[in-house]
Amino acid sequence: MRLEYFQMIDRVASFDEAEERLEAQSTVPEASPVFEGHFPGHPLMPGVLLTETMAQASGYLILGLIDFSHMPFLAGVEKAKFRSFVGPGAPLVITATRTHQGSGYAVTRASIASDGKAICNAELMFKLMPFPDGLSARMRAQAADIGLERITAGRENA
């Protein structure tokens with residue numbers, strides 16, 4: 001996880017096209033300027049960054065399901081619940097499941113757990129739009145770096 005660059009997902013652990021589900025993993029960094037102010041002497045991962053982590057896992061799920069045909073842009077967050085805190089070094093398991101797609105939008109249900117304990121969950125909505133110039137190739141490269149393209153390529157050979 002590289003907080004300063006909003007790279008929240010370390011790797012995609014599984015992608016299930018039939019179940020429309022993705023599981024990703026990440027580890028909160030031991031040190032980050034984010035923790036200097038949130039909170040001094042008691043570092044915690046901000047809820048907004050946990051939400052971003054769920055959004056990124058959901059975005060990669062959608063990209064895999066639609067074969068990178070459009071870019072999913074976060075358009076809404078509903079029913080967000082934060083149940084516990086995570087600090088530096090925490091291992092995260094992020095899951096995302098697509099619950100709806102149509103009329104240029106996709107909706108997912110996402111959650112984060114750490115050491116088997118529920119941290120947060122939310123329903124996320126994405127607007128599917130054409131890729132801005134140059135972003136498609138960068139997103140494919142980033143997806144390959146975290147293992148998504150390897151996993152989705154395997155479904156074509158099955």
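Preceding this paragraph is the structure being described.
About the thresholds
Residues numbered from 1 in each chain as written. Predicted model: local features only at pLDDT ≥ 70, side-chain atom pairs only at ≥ 80, totals over all residues. Heavy atoms only, no water. Pairing = 2+ DSSP bridges. Helix = DSSP H or I, 4+ residues; strand = E, 2+ residues; numbered from the N terminus. Axes fitted to C-alpha atoms, helices over the stretch in contact; angles between N-to-C directions. Contact = heavy atoms within 4.5 Å. Patch = residues over 30% accessible without salt bridge, like charges linked within 9 Å, V, L, I, M, F, W, Y side chains within 5 Å. Areas by Shrake-Rupley, 256 points an atom, 1.4 Å probe, with all protein chains shown as cover. Salt bridge = Lys/Arg side-chain N within 4 Å of Asp/Glu carboxyl O. Lys, Arg positive; Asp, Glu negative; His and termini not counted. Charge placed at Lys NZ, Arg CZ, Asp CG, Glu CD. Polar contact = N/O pair within 3.5 Å; in protein donor to acceptor, adjacent residues only side chain to side chain.

J.: Just to check I follow, could you spell out the sheet that holds strand β1 (residues 11-16) for this structure?
T.: In sheet architecture, strand pairing relies on hydrogen bonds along the backbone and comes in two forms, parallel and antiparallel. The sheet built from 6 strands is open, its strands ordered β1-β2-β4-β5-β6-β3 with antiparallel pairing. Edge positions in the open sheet fall to β1 and β3 (71-82), since each of these has one partner strand only. If you compare each strand with its neighbour and ignore which way they point, the axes differ by 20 degrees on average. When β3 meets strand β6 (residues 117-129), the two strands line up antiparallel, connected through 9 bridges. Looking at β6, one finds that F82 is bridged to C120. On the sheet, helix α2 (residues 47-65) packs against β1, β2 (21-27), β3, β4 (91-102), β5 (105-114) and β6 and is oriented at approximately 55 degrees with respect to β6.

J.: Explanation requested: a positive patch on the surface in the structure shown.
T.: Together, K79, K81, R83 and R109 line one region of the surface with positive charge. Structurally, R109 is set in strand β5.

J.: How should I be thinking about the environment of S58 in this particular structure?
T.: Counting through the fold element by element, S58 comes out in helix α2. With 50 residues separating them in the primary sequence, S58 and T108 have C-alpha atoms 6.4 Å apart. Look past the residues within four positions of S58 in its chain and what remains in contact with it is A96, T108, A110, L124 and F126. Of the polar contacts made by the side chain of S58, one reaches the side chain of T108; its length is 2.8 Å.

J.: Looking at this model, I keep getting lost on the pairing of β6. Mind explaining?
T.: Across 10 bridges, β5 lies against β6 in antiparallel orientation. Across the sheet, A106 pairs through a bridge with F126, a residue of β6. Counted between consecutive antiparallel strands, the loop separating β5 from β6 contains 2 residues, among which D115 sits at a positive phi close to 50 degrees.

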